Amino acid sequence: MKAVGDPARIALGERLFQDPRFSRESTHSCASCHQLRRGGADGKAISPGADGKPARFNTPTVYNSSFNFRQTWTGRYSGVEQLLDHVIGKPAVFADNWDVVAARLTRDEALAAQFKDVYGDALRPAYVRDALDQYLRSLVTPSRFDRYLRGEAGAITVEEERGYLRFKSFGCAACHQGINLGGNLFQKLGAMREMPGQETSGADLGRYRETGRNIDRKVFRVPGLRNVALTAPYFHDGSVATLEEAVELMFKYQLGRTASQQDKELIVRFLHTLSGEKLVPAASPGAAP
């Protein structure tokens, strides 16, 4: 896992990520909800938007998001660029568009000069979008588990390795696989038995809201598990407070299997190995709240 991109554009994108001028009232930045020191999320079940109204879904982590095959819980957007276009123009989030944002930022002479240095041109909407895109793609988080996969002795403990073996043997890896340990397929929440407390309308309908197909009811993009120990609460509605509870529910409703308490504890230990060893980029030690 290696960040790829132009360092100057990434640094500019980092600055924009924290800039509240993207919101209409200059009250919210990208970092307001995607806090790097909270694993790229915000620790809330459901966050309020810039308009003060609650969002529909729990805020997903921004870390490693470029590895997802689709963006958002329902997979509405195909890539980071398309997601950025949606976020900037969504009233509940920023209530603006690229042209308005660029015009506002242009009034900042120091920032305009930085754009000139980086892009060799005046500050333009396309450059604002590109800088943010470059920054988001830089937010990858190699972990102890990656070092283990490369064969480094002692990268994870014996118990964590046992947890990984159980993670695979019980079938967790059927959905949580690939470079992001998830994020690359859709799955029904409650594949083996219906989960209690799920509504028949609203956010719990999942991908059905995008497609209108009955087969997509309660179907969501499988979340990636990198930094999962840092991004509680869990699930699309933020209804699950702890990683231990999330593992318990996955066994019961997603796998339809039982496991000993020891096995579940070992899996949780393994999941902790997926936390990035350097979450906030070295170039910006104070980059997020």
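Residues numbered from 1 in each chain as written. Predicted model: local features only at pLDDT ≥ 70, side-chain atom pairs only at ≥ 80, totals over all residues. Heavy atoms only, no water.

Chemist: So what's going on with the overall build of the protein? Which residues, and what values?
Modeler: When its secondary structure is counted, the protein shows 11 helices and 2 strands. Taken from N to C terminus, the helices and strands of the protein fall in the order α-α-α-α-α-α-α-α-β-α-β-α-α. For 289 residues, the compact-globule estimate of 2.2 N^0.38 gives 19 Å, and the protein sits close to it at 20 Å. The principal-axis extents of the C-alpha atoms in the protein amount to approximately 60 × 50 × 25 Å. (Helix = DSSP H or I, 4+ residues; strand = E, 2+ residues; numbered from the N terminus. Rg over C-alpha atoms; globule rule 2.2 N^0.38 Å.)

Chemist: Describe the packing of aromatic side chains, listing the residues and the values that go with them.
Modeler: The relation between two aromatic rings is expressed through the spacing of the ring centres and the mutual angle of the planes. Across all of its chains, the model carries 14 aromatic pairs by this definition. Judged by centre distance (6.4 Å) and plane angle (85 degrees), the rings of F57 and F220 are edge-to-face. You can see F57 sitting in the loop between α2 (30-33) and α3 (80-88) and its partner F220 sitting in strand β2 (residues 219-221), a full 163 residues away along the chain. Exposure remark for F220: the relative accessible area of 4% places this residue in the buried category. Through a chain of ring-to-ring contacts, the aromatic side chains of F145, Y148, Y164, F167 and F270 assemble into a single cluster. Here R217 stacks its cationic end above the ring of Y208, 4.1 Å away from the centre of that ring. (Phe/Tyr/Trp six-rings, centres within 6.5 Å; stacked < 30°, edge-to-face > 60°. Buried < 20%, exposed > 50% of the residue type's maximum accessible area, 1.4 Å probe, protein only. Lys NZ or Arg CZ within 6 Å of the ring centre and 35° of its normal.)

Chemist: So what's going on with the nonpolar core? Which residues, and what values?
Modeler: If you look at the biggest cluster of nonpolar residues, it comprises 31 residues, and the most contacted ones within it are I267, F270 and L271. Ranked by residues supplied to this core, first place goes to helix α10 (residues 243-255) with 6 residues. Residue contacts for F270: discarding those within four places in its chain leaves F145, E160, G163, Y164, F167 and L181. Of all hydrophobic cores here, the second largest spans 30 residues; its members include A31, V80, L123 and V128. (Core = buried A, V, L, I, M, F, W, Y, C linked by side-chain atoms within 4.5 Å. Contact = heavy atoms within 4.5 Å.)

Chemist: Tell me about unusual backbone geometry, residues and numbers included.
Modeler: Apart from glycine, the bulk of residues carry a negative phi angle, and the bulk of peptide bonds sit in the trans form. Omega for the peptide link from A232 to P233 comes to 0 degrees, which places this bond in the cis form. With respect to the helices, strands and loops of the structure, P233 is situated in the loop between β2 and α10. A positive phi angle is found at N64, which is not glycine, with a value near 60 degrees. Assignment of secondary structure puts N64 in the loop between α2 and α3. Residue N64 is classed as buried on the basis of its relative accessible area, which comes to 1%. A positive phi angle, near 65 degrees, is found at K218, a position not held by glycine.

Interpretation note: all reported values are geometric properties and have no functional meaning in isolation.
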